[in-house]
Structures are given as C-alpha cells and as structure tokens.
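Residue strings, one per chain:
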Amino acid sequence: MILLKLISWPYFRKHVLRTLLTTAGIVIGVAVFVGMHTANQSVLFGFNHTVDRIAGKTQLQVTAGETGFNEEVLETVQSAPSVAVAVPVIEAVVDTGIKGRGSLLVLGTDMTGDRSLRDYDLEEGDEAVIDDPLVFLAQPDSIILTREFAEANGFGVNSTLALGTVLGPRQFTVRGIMKSSGLSTAFGGNLAIMDIYAAQRMFGRGRTFDRIDLSVRDGHSVAEAQQELQRLLGPGFQVDSPAGRGRQFEAMTAAYSMMINISSVLALVIGMFIIYNSFSIAVTQRRSEIGILRALGASRSQIRWLFLGESAVTGIIGSAFGLLAGLVIARAIAASIGTLMRDVYGVAQRADEIATDPRTLGLAMLIGVITSVVAAWIPARQAAAVDPVQALQKGKYQVLSAGESRLRAGVAAVLVLVALVCLVGSGSRIVFYVGFLLVIAAALLLGPLLALGLARLLRPLLRAIRPVEGSLAADSLIQAPRRTSGSVAAVMLSLGLVVAFAGMSGASYNSIIDWMDGALNPDLFVSPSQDVVIRTLRFPQEMGQEIAAIPGVSRVQPVRNARIVYRGTPVMIVATDIQSLSQTVQRKPVVGDAETMWRETAAGRGLTVSDNLAELQKIRLGDTIEIPAPHGTIRLPVVAVVVDYSDQQGTILMDRTLFQQYWHDDSVNLFRVYLQPGATVPDVKARILEHYAGERQVFVLTNRELKEYILRVTDQWFSLSSVQIAVAVLVAILGIVNTLTVSITDRRRELGVLKAVGGLHAQIRGTIWLEALTIGALGLILGLGFGAVNLYYILEIVHRDIAGMRLDYVFPVRVALALVPTMLGAAFIAALWPAESAVRGSLVEALEYE
Amino acid sequence: MSRRRMDRTRRTRSQGFRGLLVAAVLALVCGAAATVLKAADNARQIMEESQKRSTAQSQRYEGLLQVFDAKGKVSDKRWTLERLGSFGDSKMVLRFTAPAEVKAVALLVVNHPDRASDQWMWTPAIERDRRIALQDRSTRFFGTDFSFEDLEERDVNQYEYTLVGDDTVDGAATWKIQSVPKQAKSSQYSRSLIWVRKDNYALARIENYAKDQLVRRLAYSDIQNVQGIWTAKVLEMTDVRRNSRTKLTLDKLQYNLPLKEDAFTLQALRR
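Conventions and cut-offs
- Residues numbered from 1 in each chain as written.
- Chains lettered and ligands numbered in written order.
- Predicted model: local features only at pLDDT ≥ 70, side-chain atom pairs only at ≥ 80, totals over all residues.
- Heavy atoms only, no water.
- Helix = DSSP H or I, 4+ residues; strand = E, 2+ residues; numbered from the N terminus.
- Buried < 20%, exposed > 50% of the residue type's maximum accessible area, 1.4 Å probe, protein only.
- Contact = heavy atoms within 4.5 Å.
- Salt bridge = Lys/Arg side-chain N within 4 Å of Asp/Glu carboxyl O.
- Polar contact = N/O pair within 3.5 Å; in protein donor to acceptor, adjacent residues only side chain to side chain.
- Pairing = 2+ DSSP bridges.
- Axes fitted to C-alpha atoms, helices over the stretch in contact; angles between N-to-C directions.
- Arc of directions from axis to C-beta.
- Left-handed = near helix turned anticlockwise from the far one by under 90°.
- Nonpolar A, V, L, I, M, F, W, Y, C, P; charged D, E, K, R; others polar.
- Parallel < 35°, antiparallel > 145°, perpendicular 65-115°, else oblique.

A. Representation of the overall build of chain A in the model. Along chain A, the regular secondary structure elements total 29 helices and 20 strands. Going through the 850 residues of chain A one by one, you find that 59% of them count as buried. Counting contacts in chain A only where the partners sit at least 6 residues apart, residues at least 24 apart contribute 82% of the total.

B. View of the side chain of Thr-371 of chain A. Residues and elements named next belong to chain A. Secondary-structure assignment places Thr-371 in helix α13 (residues 358–384). Under the relative-accessibility criterion, Thr-371 is labelled buried at 8%. Leave out the neighbours within four places in its chain, and Thr-371 touches Ile-26, Leu-268 and Met-272.

C. Quick look at the interface of chain B and chain A. Facing 23 residues of chain B, the contacting portion of chain A comprises 28 residues. The residue Arg-130 of chain B makes a salt bridge to Asp-110 of chain A at a minimum N-O spacing of 3.4 Å. Our enumeration of links across chain B and chain A arrives at five residue pairs in polar contact (both at pLDDT 80 or more). Residue assignment for the side of chain B that touches chain A shows that the elements contributing at least two residues are β5 (118–123) and β6 (128–132) of chain B. In terms of residues, the side of chain B that touches chain A owes the most to one element, β6 of chain B, which gives three residues.

D. Here's a closer look at the sheet that holds strand β4 (residues 103–109) of chain A. All names here are of chain A. If you trace the nine strands from one edge of the open sheet to the other, you get β6-β7-β5-β8-β4-β3-β10-β1-β11, paired in mixed fashion. Either end of the sheet is taken by a strand with one partner, and the two such strands are β6 (160–165) and β11 (238–240). Taken pair by pair, the neighbouring strands of this sheet meet at an average axis angle of 35°, ignoring direction. Pairing of strand β3 (residues 83–95) with strand β10 (residues 211–216) involves six bridges; the strand directions are antiparallel. The residue of β10 that forms the bridge with Val-87 is Asp-213. Relative to the sheet, helix α3 (residues 72–79) contacts β1 (60–63), β3 and β10, its axis offset from that of β3 by approximately 145°. Where helix α8 (residues 222–233) meets the sheet, it contacts β1, β3, β10 and β11, and its direction lies at approximately 175° from that of β11.

E. Broad picture of α3 of chain A. Residue and element names in this part refer to chain A. For α3, the full list of buried residues reads Val-73, Leu-74, Val-77 and Gln-78. Burial along α3 is one-sided: seen end-on, the buried residues are contained in an arc of 135°. Exposed side of α3, more than 90 degrees from the buried face: Glu-72 and Ser-79 are the residues found there. Tucked inside the fold, the buried residues of α3 contact β1, β2 (69–70), β3, β9 (208–209), β10 and α8.

F. Quick look at the pattern of salt bridges. Residue and element names in this part refer to chain A. Enumeration according to the criterion identifies 38 salt bridges over all chains in this entry. Residue Glu-469 is joined to Arg-466 by a salt bridge in which the shortest nitrogen-to-oxygen separation is 3.3 Å. Classification of Glu-469 by relative accessible area gives buried; the value is 5%. With relative accessibility at 45%, the residue Arg-466 sits in the partly exposed group. Several salt bridges share partner residues, and in doing so they unite Glu-66, Arg-535, Arg-563 and Asp-647 into one network.

G. Examining the pairing of strand β15 (residues 607–610) of chain A more closely. All names here are of chain A. Of the two faces of β15, the one holding Leu-607 and Val-609 and the one holding Thr-608 and Ser-610 are both buried throughout. Two strands pair when backbone bridges link them, and β15 and strand β17 (residues 632–642) are joined in this way by four bridges, in the parallel orientation. By the bridge assignment for β17, Leu-607 is matched with Val-638. In terms of strand pairing, β15 meets strand β18 (residues 651–655) through two bridges, oriented antiparallel. Across the sheet, the residue bridging to Val-609 is Ile-652, located in β18.

H. Quick look at the packing of helix α27 (residues 761–802) of chain A against helix α28 (residues 813–840) of chain A. All names here are of chain A. For the pair α27 and α28, interaxial distance at closest approach is 8 Å and the crossing angle is 145°. Along this stretch, α27 crosses α28, giving a crossing that reads as right-handed. Within the contact of α27 with α28, the residues separate by chemical class into 21 nonpolar, two polar and two charged.

I. Seen up close, helix α11 (residues 287–295) of chain A. All names here are of chain A. Where α11 is concerned, the buried positions are Arg-287, Ile-290, Gly-291, Leu-293 and Arg-294. Here the buried residues of α11 occupy an arc of 165° about the axis, which is enough to place them on one side. The outward face of α11, more than 90 degrees from its buried face, is lined by the exposed residues Ile-292 and Ala-295. Following α11 by one or two positions, Gly-297 adopts a phi angle in the positive range, close to 110°.

J. Region of the structure containing the packing of helix α15 (residues 429–465) of chain A against helix α16 (residues 467–479) of chain A. Residue and element names in this part refer to chain A. The N-to-C vectors of α15 and α16 enclose an angle of 170°; their axes lie 7 Å apart at closest approach. Looking at the two axes, α15 sits roughly antiparallel to α16. In this structure, α15 uses Leu-452, Ala-455, Arg-456, Arg-459, Leu-462, Arg-463 and Ile-465 to contact α16, whose residues at the interface are Pro-467, Gly-470, Ser-471, Ala-474, Asp-475, Leu-477 and Ile-478. Across the contact of α15 with α16, the residue classes break down as eight nonpolar, two polar and four charged.

K. Spatial organisation of the pairing of strand β3 (residues 89–98) of chain B. Two strands pair when backbone bridges link them, and strand β2 (residues 74–86) of chain B and β3 of chain B are joined in this way by nine bridges, in the antiparallel orientation. Note on β3 of chain B: the bridge partner recorded for Glu-82 of chain B is Val-93 of chain B.

Below you can see the structure in the form of structure tokens.
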C-alpha cells in the first residue's frame, strides 16, 4: 500500500493520459460486456415481466406451441379434478396507427371467469368502470386500456380508437381503464384487454384459443395438476408454468445470446491486451525506478505485487466506469434489440426499462479486475525479474532476444499443431473449442515476431516513401518490438473479430439470397400483418379462392407457419400445398433427391426438414421423427433436407392437409400469389387491395419488398458487426496513441538530437505519423490474416452451436478493403496529438543528459 | 383391609363412577342430538313445504334489474325469463331486452339436482355462445350484485338445514333456518341463513356467508299470491362488502304456462 502511494501514485499523476488510456482498455471491455448483456437481459426481462404480469395468479398454462387449439380443450381442462379455475386466452399484437406508440398487445380473455386469475385493478373501483360488464361482453368493440396508454394518447372511458384487425381497421370503444400496477405494466403499458370471443373474430382465430391459464384446486399440488393435465391432453400439448414461456423465449433467442457472449468475451480480451500493452510499456519505462527500488532492498515479490496492485486498482476504476458506460450503451441499444427480437423471432415484447441484474454487474466488475490483473501478470513478472545493473541500459530491454523469439515460435508451432489435431478430431465440442483457443494463443505468441518481421519488410518501402522519416519510423519499431507488440496484438484481435463477423454476415447474406431466389419466387405475398413475422393475425383459408379469382392471378399457395415444441425446442412448422409448391420453386435438397422429396411430402408420407434442424437435432435422411400435435402424434420419415432460413432453430416442411389433420386448423398466415403471363404486379396488387378494402386488413408485398424486408431484418441481426467495427477502431486508436506516447517519451533524446542537428518540425511529425501508420498497417495485415482463420472457426461455431446453418467460407474482401483506410485513418488520427507533443517538446529537457 | 382389596374396591368404585359419567354424557349427547335432529327435521320440513308451495311447472316474467352502486349511480336493464321444470331439475332462459347495447343477449341455465348448474351465454353481436364454467359461478352476474350461483335454484336436497329460531321480517313472523351446502354441491357460500314466513311459507330473506363473513343479503318484498303461489315481486340483493345493491322487480309474472322443452336448448338460445 505504501509502495502504491509513494511509487505508483506519482507515476499515474505524471502520466495522466497514459493512465486514462490504460483504464480505457478495461472500460471498453467491461462496457461492451455490461451493455450487451444488460440490453439482452432487459429484453428477456421485458418478455418475462409481460408474461408474469399477464399470468397473474396463473399456476399452469396449457399451450400447443404457437398453433393454438380448439375450444373443446377448455372443457377437458376445466373438468380435471385438480383444476380450480381455467380460462382461455388469446394474444395478438396489433398496430395502433398512433405515431410513436408502436404495437399494442391485445389480451383476449373470458371476463366472466378471468378475474379469478387476473386482477384488472380498474380505475374508480372495480368493474363499475367497465361502464357496463354486460355491454363489454355484448359489444365486440369493447376494450380496456392501461392508464399509461390512455393518458399518453388522450383516451378516456367511451372514447374510441382504431386498431388493425383481420377485418380491416376497426373502431374500438374504451370501456375501462386499468390502474398503473400489476397487469397494466405488462408490455410496457401498451396492453389492451378484450373479450376472447370478440378477439377470435377480430384476429381471425376461428374457434381456437392460444392457451389456457389455470389455477390449481386446494389440496392438489401444481406437479399433480401438471401430470393430470398432460395425461388428459396428450403429448401434443405443453402444460407448464408461466415461467416456461420465458425459458422457451430464451431457447429461441439462444443464437443471439451466443453472439453477444462471443462479442463480450472478445471485447474483454481486447481490453486485456490494452492493459497488457500499457503495463509492459510502464515496466520498460520504469526500469530505472525498479532498479533503484531493488537496489534499496525491495524484494522481487514486492515489485511484482506493486504492479499487480496497480493493475487491480486500474481494474476497479476501469470496471466502475465500464459499468456506467455499459448501462448507457444498454439503454441506447435495448429498444433496437427488442425490435430485432420481434423481427427475427416474431415474438413481440418491449424493453422500455433497463433490467440491471446485480449478478451481471458484479460479474462484470470481477471480470474487469481479474482481466486487468491477468493482463498485468506477465509485465509484473518481468518487472520483478529486472536486474538492477541492466536497468540503466536504455533501449536494450525492448528488444526480443533470439532465445525468446525461438521459444515463442516453438510454442506457437506446437499450439498450431495441437490445434490442427483438435480440428481433425473435432467431433467433440470441447476439443473443437480448445483448438480455437489454442489458435488464438498461437496468434498472440506469434504476433510480436510477425510484427517485427513485417516491420523489417516494410522498412524499404517506408524509406522509399520518405527516406529520413521512413527509416526513423521503421527503425523505431524494429528496435523496440515490445513497445509495439501489445498494440499490434490488440488491433489484430479486434480486426480478426471484425473480419470473422463480416465474413459470417456476408456468407449468410449470400446463402439467404440464394435461398430467397429459389424458395421465395411468387410475385406477391398477401399477409394480414405489416410485419410478416408476426403470426398472431391469420386469414381464413377461403380467402385463397377469393384471391385466385382476382383477374391476373394464376396460382395461390396458402402458407401456415407456426412454432411448435419439438424435443423441447421451439421449431417452425411450415405447412403449405406441397404439390403446388413443387411446380413453382426450384429447391434442390442438400440431402435426398428432389423427386422423392416433393412426392412423399406432398402425399403426407414424409417430412422435409431444414439443414439447420437436421444439424441441431442430429436428424438424418430416413429417420422417423415424431411431432406431437393436439390431435395425435405425427410419425413420418425425413425424406429430404433442404436449405431453409425461415427459422434459426429449424424448420419442418409438411403438406397442409397433414397440418389440418393433426392441428384441426385451416387458417393461413400468408398467401403466395403467382401472376398470369401478361399481368403486372402493380395492377394485381391494387386489385387485391381494392377487393378487401374496408373488409379485411390485407398487406400485399411484392417479391422485391419481401426480399428487402428479409434483408433488412438480416441487416439488423448483423448490426452487431458495426458495433464491433466501432470497438475495433477505438481499440486501434487507444493502442496506437499509447504506443506512440511511450515511443516519443523513450525517444525524447533521439528526437531532441534530431531537432538540434536541424531536423524540421515536419520531419518530426512525419516520423511519428509514419510510425503510427506502420503500426496500423502491421495490425491490419496480421488482423486480416488472423481474421481469415477466425472466420473459419466462427462459421464452424454457427454450424455446430448457433443456428446449425452451413455457410460457405468467403473471405470478406470488401470489408477488408474498407478496413484499410479506416484503420490507417484511425492510426493517423491517433498520431496527431503525440506528433504535436514531440514537435513542441523542450529541446533543453530532451538534451539535458547530453 | 389388605392393600390388594383396597385397590380392588377403589377400582370397582372408579369403574362404577366412570360408567355413570359415560351414561350421563351419553344421555346428554343423545338428548342434544335428538333435539338437533328434531330441529333439523323441522327445518327440512319447512324448507320442503316452502319449496312445495312455490313449485310450478313453468314460469315467465319480465324483470327490471336496477343496480345501485356505492356512489348512487343507477343502471337499468330489462329481461324476460322463462323457466321450465321443478326445483333442482329445471331449465331457464333469460333474454335481455334493454338497453339496446345488450338487447338479445341471452343466458341458458340448466339446473341439476345432484350437481351445479350448466350455464351458457349467447352474444348476438358476435353470434357466439359461451359456456360459463363451473368455477366461475362466484363471478358477479354482469355487474349486478347477484352472482351466477345466485341465479341457480336452491333445491332442498342440496343442503343440510338447521332451525335456528324464530324472527320477524317486515312485521311477519318467520322461521330462521341455517342451510349448509352438502359436499357434492360446490358453493361460494359456506352457509346461509334463510327466513321463511310462517303464514305462507314464502321466503322473506336470505343472508349468505363466506367463512362466517356476511357477503350478500337478499330481501324479498311485495309478496303476492300469483296463481296460488306466494311470490315476492321485488327482490333486492345487497353486496355487503361492496356496499351496493341490485333490485329485481318482477312484472307480468305467470306460472304453469305451456312452454316447450326445445325452447331451452343452445340452438333455441341462438335464435
């Protein structure tokens, strides 16, 4: 502690900028970790909060995936001896048309019994405020709003609002307002209640319910009730606590969480390298100080603990600021993650509040401090090993000895070999990830050697550009590789990440575009919702004939898609007219043959699965898969595996008749419409819209519009890459500023001599700028190389663990090219202040020694 | 006297004392039980007589339902009610006639002697009928102070009765009887107190308790003889906890009309 006060504190005060830069490394790492996780948690919290609030006193919920089930199931559930109260529920997300208010979650319930489960907590005391409960039930336009929504939009009892329904925009009458508590806080307050039977009509549900909420009769346990209901209803139904929905949501968004985890960990690793770099530099700079301390009797252990103490303090301060910055980041991105979740997974929820989990914050703080201490461990050891005699031999310590270089190269070669072995035997997940970590370790070990070699290679080029400044800049890097290696490693790691993510998104784009071109070739798509992923509004199947009769239409294919639970995981069922589909799309299976696929699937004798489902669930061609449905269990063989990007957890393609047989559901989510030769897209689109004007809510998307929509969602998904590029640039700037600041301090005498013998300010500046650009170039070259390897591993992770999709390896050349000016520009910007500092440095002070 | 003998004597005395005590207690218990049994028998007989006197094969009336909330706000609804069958085994259709927003909303209640009634509601605006589940019967009947359960008929056999004593209601002498639902009957009320007029066996008042807390009070007034059946033309239900009341006034009351069975089905409800 005394050493920290007497030795470290004055050093920090003297090098405020460098201290700030060092701390910034951990701030960035912790901020990205906290920001990403908190934003993600906030979305999950928002979803769980909505589920929890809506659940009220519900102890169990009966569902059949997203598909819903017939009304008769209610009587079965109500007749179970262990059930006290069972009420049906429908949920629908509708567009309010009110600017800035987004969607409204409409909860359709049976108000005659639902109050046993949910406390509506109405304004002005109980149900008198549903102006008249009988009128509420008798009039299908009745709706109850939350106070937040009503006040924000100026609604009162008996005022009207328009909502989008399958019957077109309909005016609803506000018959009650809920107080600001409990249920009304669900979905960020954008919640409305209406009668379930009116909701069935308004949202095209026919005679089905989404789920049944129930409470358990006294004297029975929840587990007993769960078992009894599961036995009564069969495997096609899920009987779970409300929290189970949250777990399913988490399972569904696992891919996104995985991406966030990878980004967070790499951000921390990058932060670690900034710290490592800073402390390495500090150790080299303070060698004389360490030598004096050692000469005065300080033990090696004391010196080591001095540096580790400094790193711990840096870690604590950096982590604290990182937490704050992370919360700011989380607030900024939570809403967009919520939108992304809705667009990608079709599950609407809101994240209006930041859910700060003390465990996440504590973990981030701990990780920040540990990262800082771990990063400083090697420099601390080096400091402890300083020989007091050698301490005054300036410059020598920054050279990599031939022995050390050989050791590094040797260890790296061994690691690469082991990594290759891991890759060959990568059937095991652990072995694969160990191999990946070994590759990263090898890259970090080889980084300084490669940087040194590259600097030597670049020297002639630099000398050719600017004979004096170029030579000086190159020599500075060659003579002090330790000073540069940390920065180069940090830039290399960040660029490796950028390249990998860019490559992954590029490969995904290509694959998605291929899939869209093959599978999504209708001229028009008719949907009941503006967001085609929102499946809470549905059409009746009769609309198919109506659309087919519209002039210009040659073929209509109804599509019913819904998530079901398969082997405990939510996967997507796509049910359509396979016979018709086989005549319109060109989809070659990746496993199996096309003829068998179309024939068997169309006849309802087989199922076609997506390649990601096959990979994630280990399904092979010919395997019989069992899909429990409300009206029996489908047991059919897999007749083909196709590329399909409809859902991250996988897709099962089946004929519509099979779906109707096992789900008793003939509703439609989307109509695929093909035009007759000669008919034009705008004309037919206009006719469809005109046909349903005022009668139904119909959105007609052209082929191009739908593809743009999908690509827009894909863009949102990969928007994470832009955050990573920003972090990479920031890391590069921080690292280079740090390195140059030290470089200038180290070379004060050299620069002073240069100025004394007539060196111009422009030459000094030029030297620093070129040095910075060279560091940037070294990081860039190594980063692109490391990125190329990293991309391979990331694609494998996507294939194995994230989405089961096999993406082609395509190096992101455009991104790599864009990174060249970006990183060199960042390096140049980073050099501006240090160059000015070098130019304006006192000549007297610089030559004091002489 | 030897110790053994003394012990035997003490044991004999003790056994004799105990025997007396048991006999006394038995006598007391049996006497009390006999009294309770007699009172219970009387109570059941009174209730059976009351039910017998009010029994009709069918019934029809036009009702005016007035809900007075705690703030004094009054809302009116009108309905027509038709009932077919006797107590505990009857069917009832209730159709709202006013106000316009609820016109044609209908309710079908099918009472069973051995279990709770089945109830369906028809809402014409969405052309849907809905079953009102057994567990929801404690829910208030469309914002009135009646619950769905209160609409059911109280068949004598569905309850255990005890005569509590005599009382006077609106100047008329009454029997005060306690009713407790039998196990088979699911009720929101743990017990009820029923006042039956001695002069005509018409019900004068019912107080419903849940866990010994008075929750609802139903007062019968304007009791008239309609076609030989003493009937209250005004029923007023007070929800004690909510401090609100609902008044039902019966008009155009008729008994023993020729009503058809098929008028009391879900299909008929939808017409």
